[in-house]
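Coordinate analysis (summary)
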Amino acid sequence: RPGSDAAANYAKLQSFFSLIQTVGSPVVGFLLDVCGSRNAFAAVFLASAASYELLARCDTMEGLYASKLPTLLQHAFLVAQAVVAQSVPVERRAGALGRLMMMYTIGATVGPAMGGYLGAKGDFRLGARLAALGSLLSVVLIIFFLPLSSSSNDDDDKDANDDDKKAKKEKKAA
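To keep things clear, this report deals only with the structure shown in the data block. (Residues numbered from 1 in each chain as written. Predicted model: local features only at pLDDT ≥ 70, side-chain atom pairs only at ≥ 80, totals over all residues. Heavy atoms only, no water.)

**Considerations on the overall build of the chain**
Per the secondary structure count, the chain includes seven helices and zero strands. Walking the chain from its N terminus toward its C terminus, one meets helices and strands in the order α-α-α-α-α-α-α. Here the chain, with 174 residues, has 25% of them falling under the buried criterion. For the chain, restricting intrachain contacts to residue pairs at least 6 apart in sequence, the fraction spanning at least 24 positions comes to 79%. Entry remark: accessible area of the chain is about 11,100 Å², with carbon and sulfur atoms responsible for 65%. (Helix = DSSP H or I, 4+ residues; strand = E, 2+ residues; numbered from the N terminus. Buried < 20%, exposed > 50% of the residue type's maximum accessible area, 1.4 Å probe, protein only. Contact = heavy atoms within 4.5 Å. Areas by Shrake-Rupley, 256 points an atom, 1.4 Å probe, with all protein chains shown as cover.)

See below:
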């Protein structure tokens, strides 16, 4: 059947990508615990930039597979959720997580649409290069604007407990 090789190759590539992402989730969780949110965010976006740049340069199936290897650390949403959990008071956390999800969903919709549009105009590599540049810009923004966070679970638990106690006191006072 025409196209069946392409479909099978795509399915294998997507399965490989999913496997790498599955293995990477606990790795990024470990980075969050050991290195803190800021450093984990920087690592995640550097990995994304590497993945997108490899994708822009590849012209073989092996190159496509290689472009998926850095996605082991491509878990920006996980890190963003941790930042929200650490920095937003308990009473506003659910709303902040909802807005975070909305923004990531918009990005996951607009990004591929832009890549498809650029590809249809004849430059199949430009979308990946722009994504790599956007990821590098994210690293710069993180370094300059995201404060260092504690990498100790004890401190995080203490902060969460303090937030919970504060919310309960405010509720009793009301």
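**Considering the nonpolar core**
Counting 19 residues, the largest nonpolar core has Phe41, Phe45 and Val79 as the members making the most contacts within it. Those elements that provide at least two residues to this core are α1 (4–35), α2 (37–57), α4 (76–87), α5 (90–120) and α6 (126–145). It is α4 that contributes the most residues to this core, six residues altogether. Setting aside its immediate chain neighbours within four residues, Phe41 contacts Ala76, Val79, Ala80, Val83, Ile142 and Leu146. (Core = buried A, V, L, I, M, F, W, Y, C linked by side-chain atoms within 4.5 Å.)

**Here we look at the side chain of His75**
Locating His75 in the fold gives a position in the loop between α3 (61–68) and α4. With a relative accessible area of 10%, His75 lands in the buried category. Separated by 3.3 Å, the side chain of His75 and the backbone oxygen of Gln21 make a polar contact. Engagement of the side chain of His75 in a polar contact is seen with the backbone oxygen of Leu72, the distance being 3.5 Å. (Polar contact = N/O pair within 3.5 Å; in protein donor to acceptor, adjacent residues only side chain to side chain.)

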